[in-house]
Amino acid sequence: MEETDKTTISREILLEIVRYGIMAPSGDNVQPWEFAIEKEGITLYINREADDSFFNTQQVASLIACGAAIQNMVYMAEVKGFEAKVALFPQGEGKKEVAHIQLTPADRSQNESIEKAMRERCTNRRMYATRPIPRETWQSMATTTEKEPDTLLLYNKEKAWRRPLAHAVYLADMVRVGRQDLHEYLMKILHFKPIPKGIREEDLPDEFRTGMPLKNLQAGLMGDIYMRSMRKWSVMRVARYFGAGLAMPLFGAMSVYLSGGIGMICVKSFTETNIVRAGSAIERVWCELTREGYALQPMAALPLLTLRTYLEGTSAFTPSHIKKLEKAKKIATRSLSIPDGFIPVFMFRAGQSAPITQRTYRKKTEQLLVSSGEI
Ligand SMILES: Cc1cc2nc3c(=O)[nH]c(=O)nc-3n(C[C@H](O)[C@H](O)[C@H](O)COP(=O)(O)O)c2cc1C
């Protein structure tokens with residue numbers, strides 16, 4: 001256990017906790033957050049301008065990311081020997097301040113093995129082994145999720161889950177690849193330029209610190225060539241006409257087949273607080289699965305696109321896209337036994353896999369610090 005000074009919290013410890021917050025996942029690695037360090041804690045602010053994608057309906061993706069960052073900071077505070085008390089939206093929902101985390105010295109440090117899991121956690125888009133995630137593992141993830149009020153983890157319990165869920169993912173992905181705005185957004189956040197070889201992380205140019213390197217998609221040489229050739233929407237549109245636009249939805253469906261299981265995190269009602277809580281639950285599940293040697297990939301199209309129709313109506317979709325989304329939602333609701341009234345916000349696949357060969361990077365801590373005037 002680490003020695004902690006019982007009266008003050010050093011700036012180094014606070015910065016270390018923030019550094020782990022920044023390691024959290026965010027949609028397309030946009031990192032929609034800022035941090036202020038204070039004498040007795042840390043405040044997390046959402047950057048509501050960071051993600052203007054069609055997926056980020058009412059800031060859902062960014063709020064999930066903030067919840068994940070909060071969870072990492074709570075874990076790290078515990079590792080460092082502090083108890084972390086989290087107040088969500090102290091100024092009210094819709095404001096910039098998402099959480100204030102107050103730290104008080106605890107008798108002993110906890111969660112040392114989770115520190116490694118936070119560093120190792122990543123999005124793994126490879127194909128996984130088909131060996132099912134054991135029921136006990138799912139149950140323990142569900143218990144972890146329910147520690148956050150009003151959140152629920154559903155997972156495949158039925159024997160024949162692969163085919164219907166692969167179909168649901170395929171339908172949602174068909175909508176995703178059929179939208180010019182989502183296509184252009186994906187191409188904007190991908191780095192087609194290679195990461196400079198042999199460079200130290202601290203010297204990495206800022207342009208690589210958000211978004212995702214092409215190789216992070218783990219799509220192989222053919223996948224890389226496909227993505228490069230489809231960069232322009234005009235090319236993609238023609239390709240779709242000849243059926244080549246089906247490649248990505250088919251890849252998505254196959255990745256459901258080649259996985260050990262599918263999970264869906266739902267909230268009981270749509271409030272910003274609940275979405276942040278869901279984000280914290282997701283990060284706990286993700287870190288615990290990592291600790292147990294499992295890989296995870298979010299599959300956001302289905303929950304986020306259907307959530308958009310739920311919150312804002314269907315006017316932003318074509319009739320054929322509405323039909324596909326309705327069908328996808330119906331299949332997911334039935335296959336995962338989502339109870340009436342619960343709102344799906346985050347879907348993922350999990351399983352055993354080889355490690356990824358290219359990770360994502362983060363902004364430097366100092367780029368994300370705002371002054372609180374206190375420390
Ligand atoms: C709300 C949310 C939605 C995401 N959606 C997807 C997705 O649909 N497909 C995918 O492959 N990754 C998805 N991701 C993973 C991010 O792209 C990933 O977290 C980010 O690029 C950082 O990489 P890392 O997780 O390896 O640290 C999502 C992450 C979050 C938090």
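Just so it is clear, the structure is predicted and the values come from calculations on it, not from any experiment. (Residues numbered from 1 in each chain as written. Predicted model: local features only at pLDDT ≥ 70, side-chain atom pairs only at ≥ 80, totals over all residues. Heavy atoms only, no water.)

Q: It is not clear to me how the site of the ligand should be interpreted in this structure. Could you clarify?
A: Among the 18 residues in the neighbourhood of the ligand, the closest are listed as Arg121, Thr123, Arg125, Ala300 and Arg362. Measuring from an oxygen atom of the ligand, one finds a side-chain N or O atom of Thr123 at 2.7 Å. For the ligand, an oxygen atom lies 2.6 Å from a polar atom in the side chain of Arg125. Burial of the ligand by the protein amounts to 90% of the accessible area it has alone, namely 620 Å². Of the residues that constitute the shell around the ligand, the class distribution is eight nonpolar, six polar and four charged. (Near = heavy atom within 4 Å. Polar contact = N/O pair within 3.5 Å; in protein donor to acceptor, adjacent residues only side chain to side chain. Areas by Shrake-Rupley, 256 points an atom, 1.4 Å probe, with all protein chains shown as cover. Nonpolar A, V, L, I, M, F, W, Y, C, P; charged D, E, K, R; others polar.)

Q: Would you explain the nonpolar core in this entry?
A: Among the nonpolar cores identified, the biggest contains 97 residues, and Trp33, Phe35, Leu44, Val98, Leu103, Leu305 and Phe348 are the most heavily contacted of them. For this core, the leading source of residues is helix α2 (residues 60-79), giving 15 residues. A domain split of this core shows at least three residues from each of domain 1 (11-122 + 359-374) and domain 2 (135-351). For Val98, the residues in contact, after removing those within four places along its chain, are Leu44, Tyr45, Ile46, Cys66, Ile70, Ala87, Leu88, Phe89, Pro90 and Val276. (Core = buried A, V, L, I, M, F, W, Y, C linked by side-chain atoms within 4.5 Å. Buried < 20%, exposed > 50% of the residue type's maximum accessible area, 1.4 Å probe, protein only. Helix = DSSP H or I, 4+ residues; strand = E, 2+ residues; numbered from the N terminus. Domains from an automatic or database assignment. Contact = heavy atoms within 4.5 Å.)

Q: Just checking my understanding: could you explain the pattern of salt bridges for this structure?
A: A side chain with one charge may pair with a side chain of the opposite charge, provided their charged atoms come close. For the structure on display, the rule yields 17 salt bridges. Between Glu115 and Arg119 there is a salt bridge, with the nearest N and O atoms lying 3.4 Å from each other. In this pair, Glu115 and Arg119 are both assigned in helix α3 (residues 112-120), four residues apart and thus about one turn of the helix distant. Residues Glu120 and Lys116 are paired through a salt bridge, measuring 3.5 Å at the closest nitrogen-oxygen approach. (Salt bridge = Lys/Arg side-chain N within 4 Å of Asp/Glu carboxyl O.)

Q: Looking at this model, I keep getting lost on the sheet that holds strand β5 (residues 151-155). Mind explaining?
A: Taken in spatial order, the four strands line up as β5-β8-β10-β9 in an open sheet, and their pairing is antiparallel. Here the strands that pair on one side only, and so sit at the sheet edges, are β5 and β9 (295-298). Within this sheet the neighbouring strands show an average axis-to-axis angle of 25 degrees, counted without direction. Taken together, the five bridges between β5 and strand β8 (residues 261-267) define a ladder with antiparallel strand orientation. (Pairing = 2+ DSSP bridges. Axes fitted to C-alpha atoms, helices over the stretch in contact; angles between N-to-C directions.)

Q: Just checking my understanding: could you explain the packing of aromatic side chains for this structure?
A: Each aromatic ring pair is summarised here by two numbers: the centre-to-centre distance and the angle between the ring planes. Counted according to the given criterion, the structure contains six aromatic pairs. Between the aromatic rings of Phe54 and Phe317, the centroid separation amounts to 5.5 Å while the plane-to-plane angle is 75 degrees, which identifies the pairing as edge-to-face. Of this pair, Phe54 sits in the loop between β2 (41-46) and α2 while Phe317 sits in the loop between α11 (301-312) and α12 (319-335); the two residues are 263 residues apart in sequence, bridging distant segments of the chain. Given the relative accessible area of 12%, Phe54 is considered buried. Under the relative-accessibility criterion, Phe317 is labelled buried at 7%. When the centroid spacing of 6.3 Å and the interplanar angle of 40 degrees are considered together, the rings of Phe346 and Phe348 count as tilted. Like Phe348, Phe346 is buried. (Phe/Tyr/Trp six-rings, centres within 6.5 Å; stacked < 30°, edge-to-face > 60°.)

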